[in-house]
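Chains, contacts and geometry: an overview
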Amino acid sequence: MDNSDKIAMVERYVEAFEQGDVNIIRGMYAEDGVVEDPVGTEPHRGLEAICAFYAGALGAGAKLKLTGPARCAGNAVAFPFQVLMPGMQMDVIDVFEFNADGKISSMKAYWGPDNMQTES
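Residues numbered from 1 in each chain as written. Predicted model: local features only at pLDDT ≥ 70, side-chain atom pairs only at ≥ 80, totals over all residues. Heavy atoms only, no water.

Digging into helix α1 (residues 3-19)
- End to end, α1 covers 24 Å across 17 residues, agreeing with the expected 24 Å (1.5 Å per residue, within 8%).
- Of the residues trailing α1, Gly 20 is marked for its positive phi of about 65°. (Helix = DSSP H or I, 4+ residues; strand = E, 2+ residues; numbered from the N terminus. Expected span 1.5 Å × (residues − 1).)

In structure tokens, the structure reads:
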């Protein structure tokens, strides 16, 4: 994959949240993909577990807003964004690693309690 392909995957990810479409997510991940969100928690392993995880986020109305440019290196891309939900926002950095087929083999989300803000 070249860098433009990796950046296109980031844009497609944001689009999946905008449309609330888990099938977009399904098409992005490898069958044996792993999602660790946030880093340090139990990973979601395999496409069905990953889609169930995202279905919860999409069902809660989560939207994404990129807050800076993607950074590409090797077989990976990292990108900063905000998760926007009614009454809260969260600053996150995700890292996607891609397999030889151009599918996401690993996603790690970096965020913690200090990155969450609630509206009162």
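As for the environment of Asp 2
- Mapped onto the fold, Asp 2 is located in the segment before α1.
- A distance of 2.6 Å separates the side chain of Asp 2 from the side chain of Ser 4, its partner in a polar contact.
- At 3.0 Å, the side chain of Asp 2 and the backbone nitrogen of Asp 5 are in polar contact. (Polar contact = N/O pair within 3.5 Å; in protein donor to acceptor, adjacent residues only side chain to side chain.)

Focus on unusual backbone geometry
- Here Asp 37 and Pro 38 are connected by a cis peptide whose omega angle stands at -5°.
- With respect to the helices and strands, Pro 38 occurs in the loop between β1 (29-36) and β2 (44-45).

Some thoughts on the pattern of salt bridges
- The full count for this structure, using the stated rule, is two salt bridges.
- Note that Glu 15 and Arg 12 form a salt bridge whose closest N and O atoms lie 2.9 Å from each other. Here the residue Glu 15 and the residue Arg 12 both occupy positions in helix α1, the gap between them amounting to three residues, near one helical turn.
- A salt bridge links Glu 48 to Arg 26; the nearest nitrogen and oxygen atoms lie 2.9 Å apart. Here Glu 48, found in helix α3 (residues 47-59), pairs with Arg 26, found in helix α2 (residues 22-28); they are 22 residues apart in sequence, far enough to count as distant. (Salt bridge = Lys/Arg side-chain N within 4 Å of Asp/Glu carboxyl O.)

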